[in-house]
Amino acid sequence: MKLFSKEQIYEGDKLTTERQNISSTDLMERAGTQIFNWMHTRMQGAQVPIHVFCGIGNNGGDGLVLARHLITHGYNVVTYIVNCSDKRSKDFLINYDRIKNVTKKWPTMLSCKEDFTEIEIGVDDIIVDAIFGIGLNRPPNDWVKALFQKFKASKAFTLSIDMPSGLYTDKAVEDEDAVIYAGYTLSFQSPKLAFFLPETEKYTIQWEVLDIGIDRDYLMQTETEVELISKLEVLPIYKPRKKFAHKGDFGHVMILGGSYGKIGAVNLASRAALSAGAGLVTAYIPKCGYHSLQTAIPEVMVITDDNETHISNINFELKPTVIGVGVGLGTSEETAKTFEAFLKKNKVPLVIDADGLNIISQHKTLLKLLPKQTVLTPHPKELERLIGKWSSDFEKLEKVKAFTNKYDVIVLIKGAHSITVNKNKLYINTTGNPGMATGGSGDVLTGVISGLIAQGYTPFAATIFGVYLHGKSADISIEDYGYQSLIASHIIETLGEAYLDLFKQPEQPKEEKQQNQ
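This one's a predicted model, so the numbers in the text were calculated from it and none came from an experiment.

1. Focus on the confidence of the model for the chain
Inference 1: Summary statistics for the chain give a mean pLDDT of 94 and a share of 98% for residues scoring 70 or more.
Inference 2: Contacts of residues 511–517 to residues separated by more than four positions or lying in other chains number three contacts, the stretch itself having pLDDT below 50.

Encoded structure:
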């Protein structure tokens, strides 16, 4: 799914009115009606007090359309106009006149100088936030900020239209108290990037996309900077196996890493590479891990370094398809030197994680030695060591884009919604859960991505597909283990089910099943 920028949304609205020969007011009517249908389906006429707060721009106009339909369908509605400017949009004014024609109780004007303490909002009421939407370009004033705090203090369920008011589409929040905390956001046509970033996702607990009929050609043909990756996006990437294929067709992964006490990281990555579909896997480890690894994973071949406790001299004769390096590696001076020597002569695609990244962070000149489209998989602290500190998630994304352009690498920003960054494009993953916050899950991901590259997926395709499979496998595993008891090994065990899930058809509703019978 594409995530459209604010500018693209405005352009899409304009083109839609031209191509469908409708007015902007008609499009607003369509959007407001969709919100009403969503609420009406769920409320079925329930007489819960609904407080609709409208700004004076187009988001406020959407709110007025909603309020009018709620009134004409007999709901218990009070409408307010947050009147903090004289710059009212044309469509807002049209819908302000329309709502006055269906009720004797006209919307209450709230001037930004007046006291709003007499407004009573109960904990069981519903607040509809139609104040700013995506149109905000400056911080709300103190009066609006106080109004938002009143909403929060009421503990009433808050529904935001398009975007929680006070939240920007493309920059950081300056004051947390100046943003509405929404229980649910109904986003027009596509979700917003802010819904997926650690600093701003808290402003809406849940979100849903409403299709308001923006021109299909525009939606299909417009390139966006951000895409959301779900099953529909990864299915076309999947490579089916041919009947007469053999293990040589699916590549050879080398997992290079491990040190005394950290051989388990190599174990996890190697098993994950096999379960992701690699034809062969070889682990390159210090001598201390030989017996444990050979015993634990008989399917994996093992090469040992001359050193007992850490990697000191990377030297092998086989020709792997891809090398996953860094898991459990350690950052000793000897290991760092042999890693540099390895990078100077290596021509094989790389997936670099953990201590591989930490060594590079300590020796930034190594970045110039990386093959093009090397995959880097840092967690937040490893990323900070690579690119430096950032003041906001939006700045972080800009810095990562600049980094990937400079070195021609792929960076996977790991998190609740892991984001793959390739040059100027962002790909946000939709699978995964909090149970993955456990030691070793990153090692598994390194193995999965390496295993996919071995099978012929490009490093970019392997990254977005691998992150999806990794998260989906964890989603399947929590059905048996729950968040607290999920461990990295469980993710490997259900990778097969994650593959199979790609081809599962969604269950039909009971009524539809009966009709088909």
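2. A word on the environment of Glu299
Inference 1: Inspection of the secondary structure puts Glu299 in the loop between helix H9 (290–296) and strand S12 (301–304).
Inference 2: Spatially, the C-alpha atom of Glu299 lies 37 Å from that of Val400, the residues being 101 residues apart in sequence.
Inference 3: If near-sequence neighbours (up to four positions away) are discounted, Glu299 is found in contact with Leu274 and Val281.

3. A short note on a negative patch on the surface
Inference 1: A cluster of like negative charges, contributed by Glu114, Asp115, Glu118 and Glu120, occupies part of the molecular surface.
Inference 2: Checked against the element boundaries, Glu118 lands in the loop between strand S4 (108–111) and strand S5 (126–130).

4. A few points about the layout of surface pockets
Inference 1: Looking at the largest pocket, its volume works out to about 1,200 Å³.
Inference 2: Along its surface, the largest pocket is lined by 45 residues, and Gly57, Asn58, Asn59, Phe132 and Gly135 are the ones closest to its centre.
Inference 3: Secondary-structure elements contributing two or more residues to the lining of the largest pocket are helix H1 (6–19), helix H2 (24–43), helix H3 (58–72) and helix H6 (216–221).
Inference 4: Of all the elements, H1 adds the most residues to the lining of the largest pocket, at eight residues.
Inference 5: For the lining of the largest pocket, the class distribution of residues is 21 nonpolar, 15 polar and nine charged.

5. Details of the sheet that holds strand S6 (residues 157–161)
Inference 1: Read across the open sheet, the seven strands follow the order S4-S3-S2-S5-S6-S7-S8; overall the sheet is parallel. Taken across any chain shown, the strands that pair with only one partner, and hence form the sheet edges, are S4 and strand S8 (204–210). Strand-to-strand twist in this sheet, taken as the mean axis angle between neighbours without regard to direction, amounts to 20°.
Inference 2: Strand direction decides the pairing type here: strand S2 (residues 50–54) and S5, joined by five bridges, are parallel. From the neighbouring strand, Phe53 faces S5, where its bridge partner is Asp129.
Inference 3: Against the sheet, H3 contacts S2, strand S3 (77–83), S5, S6 and strand S7 (182–188), and its axis sits at roughly 150° relative to S2.
Inference 4: Running at roughly 155° to S3, helix H5 (residues 142–154) makes contact with S2, S3, S4 and S5 of the sheet.

6. Comments concerning the packing of helix H10 (residues 333–345) against helix H11 (residues 354–362)
Inference 1: With their axes 11 Å apart at the nearest point, H10 and H11 run at an angle of 85° to one another. It follows from the interaxial angle that H10 and H11 lie roughly perpendicular. Contacts between H10 and H11 pair Thr335, Ala336 and Phe339 from the former with Gly356, Ile359 and Ile360 from the latter.

7. With respect to the packing of aromatic side chains
What characterises a pair of aromatic rings is the spacing of the ring centres plus the angle enclosed by the ring planes.
Inference 1: For the coordinates displayed, the defined rule picks out 19 aromatic pairs.
Inference 2: Between Phe196 and Trp207, the aromatic rings sit 5.6 Å apart at their centres with planes inclined by 75°, giving edge-to-face as the arrangement. Here Trp207 lies in strand S8 and Phe196 lies in the loop between S7 and S8, a separation of 11 residues in the sequence.
Inference 3: For Trp207, a relative accessible area of 29% gives the class partly exposed.
Inference 4: Put simply, the rings of Phe53, Tyr80, Phe132, Phe148 and Phe151 pair up and form one aromatic cluster.
Inference 5: For Lys100, the ring lying beneath its charged end belongs to Trp106, and the centroid distance is 4.6 Å.
Inference 6: Lying over the aromatic face of Tyr168, Lys171 brings its terminal NZ or CZ to 4.5 Å of the ring centre.

Quick notes on the rules
- Residues numbered from 1 in each chain as written.
- Predicted model: local features only at pLDDT ≥ 70, side-chain atom pairs only at ≥ 80, totals over all residues.
- Heavy atoms only, no water.
- pLDDT = per-residue confidence, 0-100.
- Contact = heavy atoms within 4.5 Å.
- Helix = DSSP H or I, 4+ residues; strand = E, 2+ residues; numbered from the N terminus.
- Patch = residues over 30% accessible without salt bridge, like charges linked within 9 Å, V, L, I, M, F, W, Y side chains within 5 Å.
- Areas by Shrake-Rupley, 256 points an atom, 1.4 Å probe, with all protein chains shown as cover.
- Salt bridge = Lys/Arg side-chain N within 4 Å of Asp/Glu carboxyl O.
- Lys, Arg positive; Asp, Glu negative; His and termini not counted.
- Charge placed at Lys NZ, Arg CZ, Asp CG, Glu CD.
- 1 Å grid on protein atoms, 1.4 Å probe; cavity = no way out; pocket = protein on both sides within 12 Å on 5 of 7 lines; lining within 4 Å.
- Points joined across faces, edges and corners; volume = space filled by probe spheres on them.
- Nonpolar A, V, L, I, M, F, W, Y, C, P; charged D, E, K, R; others polar.
- Pairing = 2+ DSSP bridges.
- Axes fitted to C-alpha atoms, helices over the stretch in contact; angles between N-to-C directions.
- Parallel < 35°, antiparallel > 145°, perpendicular 65-115°, else oblique.
- Phe/Tyr/Trp six-rings, centres within 6.5 Å; stacked < 30°, edge-to-face > 60°.
- Buried < 20%, exposed > 50% of the residue type's maximum accessible area, 1.4 Å probe, protein only.
- Lys NZ or Arg CZ within 6 Å of the ring centre and 35° of its normal.

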